[in-house]
Protein chains: 4
Amino acid sequence: MSGNSFGKALVLTTFGESHGVAVGGVLDGFPANLEISLAFVQDELDRRRPGGAFFSSPRPEEDKLEILSGLFEGKSTGAPIAFIVFNHQQKPSDYDHLRDVFRPSHADYSWQQKYGIRDPRGGGRSSARETLARVAGGAFAKIFLLTKNIHIKASISQIGQFQIQDDASGIDQPEIISFLEQIKAGGDTIGGVISCTITGVPAGLGEPVFDKLHADLGKAMLSINAVKGFEYGSGFNGASMRGSEHNDRFVNEKGVIKTLTNNSGGIQGGISNGADIFFRVAFKPVSTLMQDQVTVNASGDSVIFQGKGRHDVCVVPRALPIVEAMAALVMADHLIRNRGESNRVTK
Amino acid sequence: MSGNSFGKALVLTTFGESHGVAVGGVLDGFPANLEISLAFVQDELDRRRPGGAFFSSPRPEEDKLEILSGLFEGKSTGAPIAFIVFNHQQKPSDYDHLRDVFRPSHADYSWQQKYGIRDPRGGGRSSARETLARVAGGAFAKIFLLTKNIHIKASISQIGQFQIQDDASGIDQPEIISFLEQIKAGGDTIGGVISCTITGVPAGLGEPVFDKLHADLGKAMLSINAVKGFEYGSGFNGASMRGSEHNDRFVNEKGVIKTLTNNSGGIQGGISNGADIFFRVAFKPVSTLMQDQVTVNASGDSVIFQGKGRHDVCVVPRALPIVEAMAALVMADHLIRNRGESNRVTK
Amino acid sequence: MSGNSFGKALVLTTFGESHGVAVGGVLDGFPANLEISLAFVQDELDRRRPGGAFFSSPRPEEDKLEILSGLFEGKSTGAPIAFIVFNHQQKPSDYDHLRDVFRPSHADYSWQQKYGIRDPRGGGRSSARETLARVAGGAFAKIFLLTKNIHIKASISQIGQFQIQDDASGIDQPEIISFLEQIKAGGDTIGGVISCTITGVPAGLGEPVFDKLHADLGKAMLSINAVKGFEYGSGFNGASMRGSEHNDRFVNEKGVIKTLTNNSGGIQGGISNGADIFFRVAFKPVSTLMQDQVTVNASGDSVIFQGKGRHDVCVVPRALPIVEAMAALVMADHLIRNRGESNRVTK
Amino acid sequence: MSGNSFGKALVLTTFGESHGVAVGGVLDGFPANLEISLAFVQDELDRRRPGGAFFSSPRPEEDKLEILSGLFEGKSTGAPIAFIVFNHQQKPSDYDHLRDVFRPSHADYSWQQKYGIRDPRGGGRSSARETLARVAGGAFAKIFLLTKNIHIKASISQIGQFQIQDDASGIDQPEIISFLEQIKAGGDTIGGVISCTITGVPAGLGEPVFDKLHADLGKAMLSINAVKGFEYGSGFNGASMRGSEHNDRFVNEKGVIKTLTNNSGGIQGGISNGADIFFRVAFKPVSTLMQDQVTVNASGDSVIFQGKGRHDVCVVPRALPIVEAMAALVMADHLIRNRGESNRVTK
């Protein structure tokens, strides 16, 4: 059954395979009459293409977004916004070595079992290239959220075993650079954790009892390739805490009700309480290695799968705009849902 | 906008407040012609009412399930299955002290901001009593899954800082009992972690790209009261691992393709691969304390909220059947969805 | 797959069989903080129980609505509103004659083919008694619509071949009474047509391109038992008209843009234009006759099905509140949806 | 809120404006591993472009379908199938005369009231050109249905006041041709009725109580531009009939249970009964006339709108493949839904 759409009031549907004609999406339910900066949307896409120590090699190609519908003279019209990024031509023969092999910890085997067929070119639909459409859709959601002064910021908080303060100096620390160079030299990869903070959120967003705001954020994050865990507020640490230290005490600060601490992560009973929302997302190491790996093929024979091509050492830098995009889609969806049931919280 | 339904093909809608007339649910899309043991469903509800060191006091009342529709002569008919548990009478005056106060780390404040009104009796709709309907709905889902030999088992793996092997001896360890007695004596509470394993799952369940099997499991768990985090397979530990140690190597074991390790947690690319599915769920400490707490009321005045009544020291034992129920709803939903798109995996 | 819910933002889920424990519903997404007159809701239910020439005999029992959740001190709280009407006790043996027979033009055969099982007592789930829950749900929707000055009025416009002006004198005409008495005396039944007008609708409701306002109204009406057709505005007559006579000419009437005619039925391009919405709904004659009918049973044997009990001669008087209720649910759903995407039209 | 998707298990999302970059769609939930004849899909699109007496002039341009995703080596893969038809270049100035005027019986005024903005070029999103995407999506659905031997055939049964038997001679009758030439010469348009028959349908499709098979067919048809009414089986005529003549009598014909008549139109209680499904759809006359019409503009001034360009005299010939496509989407959706809940009816 269809599973390529996300959201209830604001719905993003994505399509496209890694090495098919194009990757794209349709964003339906986007508010009309908003000014759209396509340069901003393109900038968000470009954030998915960083260079540096995290990557095996720079990628020359550009992912150029094209708008197919939904805008008129620079504004949204209420019609669905469709967009695509054409894939660059590649020789089909480049992927013959992927045709029958089940790569370790990829979706090759499970997809084949489910559908009885798969597009093996570069991972097909299960490639992370699909997230291009999420970043584009999320960029539109951000444009809407900015009109309400809601801001979303993701940052790296862990690379392998290294905890990071993601300020200007964070991931440029010599020991981390050195660590990544070593991983890269071995043809290996490493996992990481991304933190995300959402500021400017009015109290009242989130729909009890199943569509709690953090439940929808969690699903959004877990739907991103390579994500293994999600926690918000005190998270897994909260399991070790006592109620007397975990409870966030309410105070009246010059007429505004606030909490002194924020173990709730800005969400209580599934509804935003006006404090900053924050959560953390765990990513596994990239499964594609520049090493030979023993695996099986579709006939069940043991084969050696050779790593080749160009792959990331660690996915988290590229995942930053993806985390933000999915968070933006959730927040915009809930803003629209809440406004529908009443205009008490949001105008 | 409506948020009280869960699932796409098999949909559970719950209703009811903690101290209203009743708590109940409607399960729509349940397969017809299955034998239903109502004793099993009632047993699942009874699992939500454990005694022992985890609780302040035993609760005398029984939660008796009544079926309103959807069964005929002991079998499901394809019509929606509706059920209720009537609440036991209580004096409305028992809740006057909750009327205007915003209890710390409860949903009182955020709910009031969202709706401008709330039912203050025992937490109203945001009470964990709502999960009765989830356990009942999940029990029906389990009955369906058992016809496919799919089994779900949750166990306690952490109480406070204590890691637990949840076998017969696990949570009966003297040091843990002693720890809980101490927490209880102080009128305090403590968090914990539940692990859950699903066995007998065929390869092929889960819908790319947004309705990945673990994304739906994650949302299901995060929608349970007091949950702060979710991880599957290697989880947050995966963030510290190298690809070469994290990748699950495929082997052909007498004609069956398996993986030697299971960092994937039984799910690859969002689709089950036939291995056991396992995940962990973090619960914060119960927010209701038997201590006085300073907070504010609806007028913004600082007030002291007195702990009284009967409350749990730790929620995880009662949450075991809830975790299993939500997992069962997700698995049954995906079985039906997958069978719709093809009968390749499941008959 | 689940099909017992209606609406996207305001969702009514119904449950219950004709002679099971109860018939009821859950209304989710209803705006919070509205004053609810339960007397009004009960009055709407009572409108389903008319007497007179249309019916074989008056029905003594009352359908008493009970609220299970969602209200507090006379107001909606934002939580799902659940309600039930308990069925009056009947001897199961009263329905033994229905157990294996496939009654002509009922759902007995098709339901059995679909599910392999059915509740034969009084038609089970396919009985028109299910519409009790629609009328109750629709009554809540009407309460919301009245706060926006939107009014819905259904009336009888045809009984058999008789066209009717449904004013005070309409269906009391001697020739129609005489006609119905004659139908009743023969143990037969007759069809009819209901017209419905919605006034006070702001321009702007309806969601292109699939959820056009009239498409959702049409589905709502066609989902009512015994409905065979739906038309709005010029309807089937429009097929015989020329564009030059069908087009509704816009004029500026003291600053308000209106149309001189209303062949559009108040909806253009699927969106309300501010004019009155009107549509017509065709009902077939009731399938249960007080005549012997030859049919087949589950074994495929030819059998005579004897009409007995108490049945309506014509369904349309009882269907008036049902038509209004379904229309109210559609309008309320679209008001909420529209308010979500912008508060341009409705506050 | 989003309204540009249709279906629950098999979902078509369409996008694009009449004179934007492209019109297209995404079909999600389509069964994997089916052979796809793109020539068949293109043929269906070409059926939307007939010539002859119904039209003002032949249209030279071709609507060429391009596949963006979801197929691999000629087969469906389970991934969403995305397709587009690029629009041919036109000068923006060609549409300046539409910019501020509200054309009679178009969506100009209601769209402007809803969104506060619209794309005026050729009707923008409300143009019938959007149905290109429906025909393409429906062609895929037909390919799936053909594997189950389900066939869908629409035909013209009325043009203006002329009833038609749509065989080879039907709409070529001299008097109809002459009538159309006369309408065309006057710059006028005329309405019509399309009938549709679906054969080979197994008993058991349709989901009580809201997603009745005919309710979903009705919504599908009413969502097509210019449709004013829908009826199935006996339809509006059924309102004049007695139960004794309307009831379809079951008989056992050599072991197969059938009905002697088919006033039910192949659907009883919202579920297919194995007989042919048939329904009728009323279309209003095309609103664009080759006549001057008095209307108002966005400033509320009275203006004369001049008919110019190239427009259809009667829409029904072009609507035939659209009616079939929407019917195919409904039938395929219900096949998949039914197969999900059990594989009793369909394998």
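This text follows the structure it describes.
Residues numbered from 1 in each chain as written. Chains lettered and ligands numbered in written order. Predicted model: local features only at pLDDT ≥ 70, side-chain atom pairs only at ≥ 80, totals over all residues. Heavy atoms only, no water.

Engineer: Just checking my understanding: could you explain the interface of chain A and chain B for this structure?
Structural biologist: Taken together, the contact pairs 111 residues of chain A with 111 residues of chain B. Both faces considered, chain A and chain B share a buried interface measuring about 8500 Å² in area, 56% of it formed by carbon and sulfur atoms. The interface formed by chain A and chain B holds eight salt bridges in total. Between A:Lys219 and B:Asp211 there is a salt bridge, with its nearest N and O atoms 2.7 Å apart. (Contact = heavy atoms within 4.5 Å. Buried area = accessible area lost by both parts, 1.4 Å probe. Salt bridge = Lys/Arg side-chain N within 4 Å of Asp/Glu carboxyl O.)

Engineer: What's the story with the pattern of salt bridges in this structure? I'm lost.
Structural biologist: A side chain of one charge can pair with a side chain of the opposite charge if their charged atoms are brought near each other. As enumerated under the stated definition, the model contains 84 salt bridges over all chains in all. One salt bridge connects C:Asp216 with D:Lys219, and the closest N-O pair in it is separated by 2.7 Å. With one member in each of two chains, C:Asp216 in helix α5 (residues 213-222) and D:Lys219 in helix α5 (residues 213-222) form a pair that bridges those chains. We classify C:Asp216 as buried; its relative accessible area is 8%. With relative accessibility at 10%, the residue D:Lys219 sits in the buried group. Within this structure, A:Lys8, A:Asp211, A:Asp216, A:Asp333, A:Arg337 and B:Lys219 form a network of salt bridges that share partners. (Helix = DSSP H or I, 4+ residues; strand = E, 2+ residues; numbered from the N terminus. Buried < 20%, exposed > 50% of the residue type's maximum accessible area, 1.4 Å probe, protein only.)

Engineer: Would you mind showing me how to read the pairing of strand β12 (residues 227-232) of chain B here?
Structural biologist: The side chains of a regular strand alternate between the sheet's two faces. Most of β12(B) is tucked away, with six of its six residues classed as buried. Bridge count for strand β12 (residues 227-232) of chain A against β12(B) is three bridges, and the pairing is antiparallel. Each bridged residue has a counterpart across the sheet, and for A:Glu231 the counterpart in β12(B) is B:Gly229. Pairing between β12(B) and strand β17 (residues 277-283) of chain B: five bridges, direction antiparallel. (Pairing = 2+ DSSP bridges.)

Engineer: How do you make sense of helix α7 (residues 316-341) of chain B when you look at a structure like this?
Structural biologist: One turn of the α-helix equals 3.6 residues, which is why residues spaced by three or four share an orientation. Compared with the 38 Å implied by 1.5 Å per residue over 26 residues, the 37 Å span of α7(B) between its first and last C-alpha is a close match. Of all 26 residues in α7(B), 26 are buried; the element is thus mostly enclosed. (Expected span 1.5 Å × (residues − 1).)

Engineer: In this structure, what is going on with the nonpolar core? I would like to understand it.
Structural biologist: For soluble globular proteins, nonpolar side chains are generally found buried alongside one another. Formed by 333 residues in total, the largest nonpolar core has its most connected members in A:Phe279, B:Phe279, C:Phe279 and D:Phe279. For C:Phe279, the residues in contact, after removing those within four places along its chain, are C:Ile194, C:Ser195, C:Cys196, C:Ile198, C:Leu217, C:Met221, C:Phe230, C:Glu231, C:Tyr232, C:Val323 and C:Ala327. (Core = buried A, V, L, I, M, F, W, Y, C linked by side-chain atoms within 4.5 Å.)

Engineer: Can you walk me through the interface of chain C and chain D in this structure?
Structural biologist: Quoted interface sizes are often the accessible area lost when the parts come together. Every contact between the two is made by 111 residues of chain C and, on the other side, 111 residues of chain D. Roughly 8500 Å² of surface becomes buried between chain C and chain D when both sides are summed, with 56% attributable to carbon and sulfur atoms. Applying the counting rule to chain C against chain D returns eight salt bridges. Ionic pairing is found between C:Lys114 and D:Glu341, a salt bridge with its closest N-O pair at 2.8 Å. Here chain C is connected to chain D by 66 residue pairs in polar contact (both at pLDDT 80 or more). Residues belonging to the side of chain C that touches chain D are distributed by class as follows: 40 nonpolar, 49 polar and 22 charged. (Polar contact = N/O pair within 3.5 Å; in protein donor to acceptor, adjacent residues only side chain to side chain. Nonpolar A, V, L, I, M, F, W, Y, C, P; charged D, E, K, R; others polar.)

Engineer: Sorry if this is basic, but what is going on with α5(C) here?
Structural biologist: Counting buried positions over the ten residues of α5(C) gives ten, a clear majority of the element. For α5(C), the set of buried residues is C:Leu213, C:His214, C:Ala215, C:Asp216, C:Leu217, C:Gly218, C:Lys219, C:Ala220, C:Met221 and C:Leu222.

Engineer: It is not clear to me how the sheet that holds strand β4 (residues 65-69) of chain B should be interpreted in this structure. Could you clarify?
Structural biologist: For sheets, the rule is that strands pair by backbone hydrogen bonds, running either parallel or antiparallel. All names here are of chain B. Strand order in the open sheet formed by five strands is β1-β2-β3-β7-β4, with antiparallel pairing between adjacent strands. Each edge of the sheet is formed by a strand with only one pairing partner; in this case those strands are β1 (5-6) and β4. In terms of strand pairing, strand β3 (residues 22-28) meets strand β7 (residues 81-86) through six bridges, oriented antiparallel. Each bridged residue has a counterpart across the sheet, and for Gly 25 the counterpart in β7 is Phe 83.

Engineer: Can you help me understand the relation of the copies chain A and chain B in this one?
Structural biologist: Put simply, the second copy of the chain is the first one after a rotation about an axis and a shift along it. The operation relating chain A to chain B is a screw motion whose rotation component is 180°, with 0.0 Å of axial translation and a residual RMSD of 0.0 Å. As the rotation angle and translation indicate, the two copies are arranged about a two-fold axis. Here 100% of the interface residues in chain A have copies in chain B that are interface residues too; the copies meet face to matching face. (Least-squares fit on C-alpha atoms with pLDDT ≥ 70 in both.)

Engineer: Please clarify how a nonpolar patch on the surface should be interpreted in this entry.
Structural biologist: A contiguous nonpolar patch, built from A:Val21, A:Phe86, D:Val21 and D:Phe86 and spanning about 280 Å² of accessible area, is present on the exposed surface. With respect to the helices and strands, the residue D:Val21 is situated in the loop between β2 (11-16) and β3 (22-28). (Patch = residues over 30% accessible without salt bridge, like charges linked within 9 Å, V, L, I, M, F, W, Y side chains within 5 Å. Areas by Shrake-Rupley, 256 points an atom, 1.4 Å probe, with all protein chains shown as cover.)

Engineer: Explain the relation of the copies chain C and chain D here, please?
Structural biologist: Expressed as a screw operation, the relation of chain C to chain D combines 0.0 Å of axial shift with a rotation of 180°, fitting to an RMSD of 0.0 Å. Mapped onto chain D, 100% of the interface residues of chain C are again interface residues, and the two copies thus contact each other with one and the same surface.

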